[in-house]
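Tertiary structure, described
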Amino acid sequence: MEMAKSLDAEQAAIEADERKLAERRKALQAKQREAAIAAIEKAGLLRMPIDRLEGLMKAVKKLGLDTVEKRLEASA
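Residues numbered from 1 in each chain as written. Predicted model: local features only at pLDDT ≥ 70, side-chain atom pairs only at ≥ 80, totals over all residues. Heavy atoms only, no water.

Quick look at the overall build of the chain
This is how the line gets drawn: Helix and strand definitions here come from DSSP, where helices need a minimum of 4 consecutive H or I residues and strands a minimum of 2 consecutive E residues; each element is numbered from the N-terminal end. Here the globule rule is a power law, 2.2 Å times the number of residues to the power 0.38, and the radius of gyration is based on C-alpha atoms. Using a 1.4 Å probe on the protein chains alone, a residue whose accessible area is under 20% of its type maximum counts as buried, one over 50% counts as exposed, and one in between counts as partly exposed. Per-residue accessibility takes into account occlusion by the displayed protein chains alone, with areas from the Shrake-Rupley method and a 1.4 Å probe. Residues counted as positive are Lys and Arg, residues counted as negative are Asp and Glu, and His and the chain ends are not counted. Working definition for charges: the position is that of NZ of Lys, CZ of Arg, CG of Asp or CD of Glu.
Per the secondary structure count, the chain includes 3 helices and 0 strands. For the chain, the α and β elements follow one another from N to C terminus as α-α-α. In terms of C-alpha radius of gyration, the chain reaches 23 Å, well past the compact-globule figure of 11 Å for 76 residues. The principal-axis extent of the C-alpha atoms belonging to the chain is close to 70 × 25 × 20 Å. A total of 76 residues make up the chain; the buried ones form 7% of that total. Entry remark: accessible area of the chain is about 7,300 Å², with carbon and sulfur atoms responsible for 57%. Each charge class in the chain was averaged separately, 16 positive and 14 negative side chains, and the resulting centres sit 9 Å apart.

Thoughts on the environment of Gln32
Positionally, Gln32 belongs in helix α1 (residues 2-42). For the pair Gln32 and Arg52, spaced 20 residues apart in the sequence, the C-alpha separation amounts to 25 Å.

Remarks on a nonpolar patch on the surface
Applicable threshold: In this analysis, a patch consists of residues with relative accessible area above 30% that form no salt bridge, clustered at 9 Å for like charges and at 5 Å for the nonpolar side chains Val, Leu, Ile, Met, Phe, Trp and Tyr. Salt bridge, as used here: a side-chain nitrogen of Lys or Arg that lies within 4 Å of a carboxyl oxygen of Asp or Glu.
Taken together, the side chains of Ile37, Ile40 and Leu46 make up a nonpolar region of the molecular surface, amounting to roughly 240 Å² of accessible area. Within the element layout of this structure, Ile37 appears in helix α1.

Overview of helix α2 (residues 50-63)
Each α-helix turn comprises 3.6 residues. Residues three or four places apart therefore point the same way. So the rule is basically this: By definition here, a helix of n residues has an expected span of 1.5 Å times n minus one.
In a regular helix each residue adds 1.5 Å, so 14 residues correspond to 20 Å; α2 covers 20 Å between its end C-alpha atoms and thus fits that length. Looking one or two residues beyond α2, the residue adopting positive phi is Gly64, at roughly 95°.

Regarding the environment of Ala22
Along the chain, the position of Ala22 falls in helix α1. When its relative accessible area of 43% is taken as the criterion, Ala22 is described as partly exposed.

As structure tokens, then:
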């Protein structure tokens, strides 16, 4: 009986740790998103007219991030 209680307690502790870890991951994702938006804003992209920004995003999606990054680095 004693062992079953300790196993149940350990299982509950593991589940609590998993919930805490999931919450930390979610908070980190939110911070990363905020940092990405800040970088976009700093680069001036948020000041672009929406139609130009949408066109730019379509081009990035079509070409892929790696290709766009390589092309921008080559032109710099």
